[in-house]
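What the coordinates show
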Amino acid sequence: MRQITVFQLSCIGISLFITFLLVFAIASLFLVPDLEDVWKNLWSDEMRFSLKLSMLTGIVSTLMVMVFALPIGYALSRFDFPFKGFVKTILDLPVAFPELVLGLCLLLLFGNTLVGEVFRRLSVDLVFTKQGIVAAQFFTALPYASRILKSTFDYINPRLEFVSRSLGYTQRETFFNVSLPLAKNGILAATVISFARCIGTFGTVLILAGGTYMKTEVLPMTLYLNISYGNMGMALTSGIVLTTVSFIAIFIFEKAEVGI
Amino acid sequence: MSFVDIDNLHINLGEFRLNGVSLSLDRGDYLSIIGPTGAGKTIFLESIVGFWRPDQGRIILDGKEITTALPEKRHIGIVYQDYALLPHMTVYQNIAYGLKKHKPENMDEAIRRMAGSLHIDHLLHRKPTTLSGGEQQRVALARVLIVEPALLLMDEPFSALDQQTRRRARLLLKAAIRDHATTVIHITHDLDDAWALANKLAVFKDGRLLQMGALQEVFNRPKNRFVAEFVGTGFYRGTVVTGKNGNANIDLGGIVIESLDQAHNGDAVNVAIRHEDIRVTRSKPAHANGVNVVNAALKDIVPEGSSSLLDLRVDNIAIQALLPHHAMRRLDLHRGDHLYALIRKEHVKIVHFESQSNGI
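Residues numbered from 1 in each chain as written. Chains lettered and ligands numbered in written order. Predicted model: local features only at pLDDT ≥ 70, side-chain atom pairs only at ≥ 80, totals over all residues.

1. Regarding the overall build of chain A
A tally of regular secondary structure across chain A gives 13 helices and zero strands. When the helices and strands of chain A are read in sequence order from the N terminus, they spell out α-α-α-α-α-α-α-α-α-α-α-α-α. Seen through its principal axes, chain A has C-alpha atoms that stretch 70 × 65 × 30 Å. Residue burial in chain A is summarised as follows: out of 260 residues, 40% are buried. (Helix = DSSP H or I, 4+ residues; strand = E, 2+ residues; numbered from the N terminus. Buried ≥ 20, exposed ≤ 12 C-beta atoms within 10 Å, placed from the backbone.)

Shown next, in the form of structure tokens:
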């Protein structure tokens, strides 16, 4: 058996301490409220609206994120092109950006500007609308998905693609025959994490789409609005729903990551 | 015009590069490429198959220029060291992959026939990750041979195999290549691969082609010291002292040996002698017709598989001889022994200096 050092014990100790702290914090979310109250709140009009809107916008945003993240992740992994470093930095920026600031930037872009006007002419109004929720979720989740997919494609041996092309397949056919099937675990992981990010996005949605009761009210907004009114039951219920979605996402992500 | 014509190929990928590589191959030629790691061998293959666009130069295959053609349009097959089998497909699907593109009739029959000829017909339902190295190698070979490529490129396909499997793989490859009359370029680190399979040999170093020619020619007459050492040939500097009967006596700096090659008096030359062309005896032979006989001291013995390398000293000149084990046992050699090295005159090859020789 390997010798246990003080350093080793300290590292393990810190890990366990923080884990226990988080476990207690999350557990309190499930232990504090009255379960009968939670069940009743789940079926309230506000919660049903919020849950439905969250799921709907979350699914649409996740699909859009994946449609864009796949080519971005592949391009960053496989191709050299001018300003690649700049592109990578800008695409990653929202990961480190405060959500409220990102929301503000999007509000300015899609507000009374030429870009906003072009979108409105195409019947896409992103300010204080449900479409705005999708846009906010999209920009928040995209960097996470493109990062996961870039790493996924990095792990796939480019020689597999070389061989496919030498056997007569075009670059596009090779992408669909070889790269995409081999990236399936990464795609699943990116989808799940994107969905969790979309469902949980608060700051960006609040600034771009607004937090209007029963209009642009997604789950984080329900939590925020009900805390503001002092309605702890509803706030805790939305917290429980959000946490459950996150748990399921992380569980699937961990399972998928093993196969990347 | 040759079947493959590569003219003045230049590629710079930073860490790896090719500097003006030119070579030609006839249809059915089997070229082995050897050279140290980082010599540009893999880049060379990958530029032929179309994964790198050359900065300069031309590649012509069967009369058509393919320098800038897309890889899928070249009809050139490649087998990598790690075989690059598609892990999400079965062996059957891997072999069918290239063939499916052309949708021939009797595809199933062709796949089973190819699998049978390479003894992998019992593995068709398996995934590549469950196969041994030798089995994977045969699947990779089946996948490329079944599409009958105009040119087959192989990047150290035997390097991950043990000696026994490697021998069997060579036999199978040789038969398969013969059946399809395929033109092959094969990178290897093992000279036995070249001896077993190739009719031509090329030596690369630092992105340059140092020498290319018929296998025997490169082994027997390496152009410079680097090539000589790489192909296991002794390389010595000397001066032609007297020429008689059209032959040449060469002073290697203490000993004088005779060659059947022709040279002029006073010529500074290099002399190449294959290690295995030097015989060793304990007693001086009574007759030495056609043979150079020199006194030698045995400095060291290095066992090498089925033979041993003897490090001999003739005056101050180091000469290496390769002796099979049965000869070693018969002679019962020990370090410090005084011996006679016998070198047939026709095995002493004179290599004239080249103005731009590399690696001397």
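Let's pick the thread back up.
2. A closer look at the pairing of strand 4 (residues 56-61) of chain B
Residue and element names in this part refer to chain B. Across five bridges, strand 1 (residues 4-12) lies against strand 4 in antiparallel orientation. What sits directly across from V4, in strand 4, is L61. Taken together, the two bridges between strand 4 and strand 5 (residues 64-65) define a ladder with antiparallel strand orientation. Bridging across to strand 5, L61 finds its partner in K64. With antiparallel pairing between neighbouring strands as the criterion, strand 4 and strand 5 make up a hairpin whose turn holds two residues, including D62 at a positive phi of roughly 50°. (Pairing = 2+ DSSP bridges.)

3. Observations concerning the interface of chain B and chain A
On the side of chain A, 14 residues touch chain B, which itself brings 16 residues to the contact. Looking at the side of chain B that touches chain A, the elements with two or more residues in it are strand 6 (76-79) and helix 2 (91-102) of chain B. (Contact = placed C-beta atoms within 7 Å.)

4. Quick word on the sheet that holds strand 16 (residues 291-304) of chain B
Residue and element names in this part refer to chain B. A sheet is described by the order of its strands in space; here five strands give the open sequence 15-19-16-17-18, paired in antiparallel fashion. Looking along the sheet, the strands with just one partner apiece sit at the ends: strand 15 (278-281) and strand 18 (317-324). Between one strand axis and the next, the sheet turns through 45° on average, direction left out of account. (Axes fitted to C-alpha atoms, helices over the stretch in contact; angles between N-to-C directions.)

5. Here's the deal with helix 4 (residues 84-96) of chain A
Given a rise of 1.5 Å per residue, 13 residues ought to cover 18 Å, and the 19 Å separating the end C-alpha atoms of helix 4 of chain A matches this to within 8%. Among the 13 residues of helix 4 of chain A, zero are classified as buried, and the element is accordingly described as predominantly exposed. (Expected span 1.5 Å × (residues − 1).)

6. Re the domain arrangement of chain A
Considered domain by domain, chain A is made up of domain 1 (1-31) and domain 2 (35-258). Taking only C-alpha atoms, the centre of domain 1 of chain A and the centre of domain 2 of chain A are 31 Å apart. (Domains from an automatic or database assignment.)

7. With respect to the sheet that holds strand 3 (residues 30-34) of chain B
All names here are of chain B. Taken in spatial order, the six strands make up an open sheet running 6-7-8-3-9-10, and their pairing is mixed. Edge positions in the open sheet fall to strand 6 and strand 10 (208-214), since each of these has one partner strand only. Each neighbouring strand pair of the sheet contributes to a mean axis angle of 15°, computed without reference to strand direction. Relative to strand 9 (residues 200-205), strand 3 is paired through four bridges, and the arrangement is parallel. Bridge assignment links S32 to a residue of strand 9, and that residue is L201.

8. As for helix 9 (residues 171-182) of chain A
Residues and elements named next belong to chain A. In this model, helix 9 (twelve residues) spans 15 Å end to end at C-alpha, consistent with the 16 Å of a helix rising 1.5 Å per residue. By the burial criterion, the buried members of helix 9 are T174, N177, V178, S179 and L182. Viewed end-on, helix 9 has its buried residues packed into an arc of 150°, placing them on one side of the element. Counted as exposed and oriented over 90 degrees from the buried face of helix 9: R172 and F176. Residues of helix 9 that are buried make contact with helix 3 (45-78), helix 7 (130-155) and helix 8 (158-166). (Arc of directions from axis to C-beta.)

9. Examining unusual backbone geometry
At A:F83, a position not held by glycine, the phi torsion is positive, near 65°. Within the secondary structure layout, A:F83 lies in the loop between helix 3 and helix 4. Here B:D206, not a glycine, exhibits a phi torsion of approximately 50°, which is positive. For B:D206, the location among the structural elements is in the loop between strand 9 and strand 10. Judged by the 16 C-beta atoms lying within 10 Å of it, B:D206 falls in the partly exposed class.

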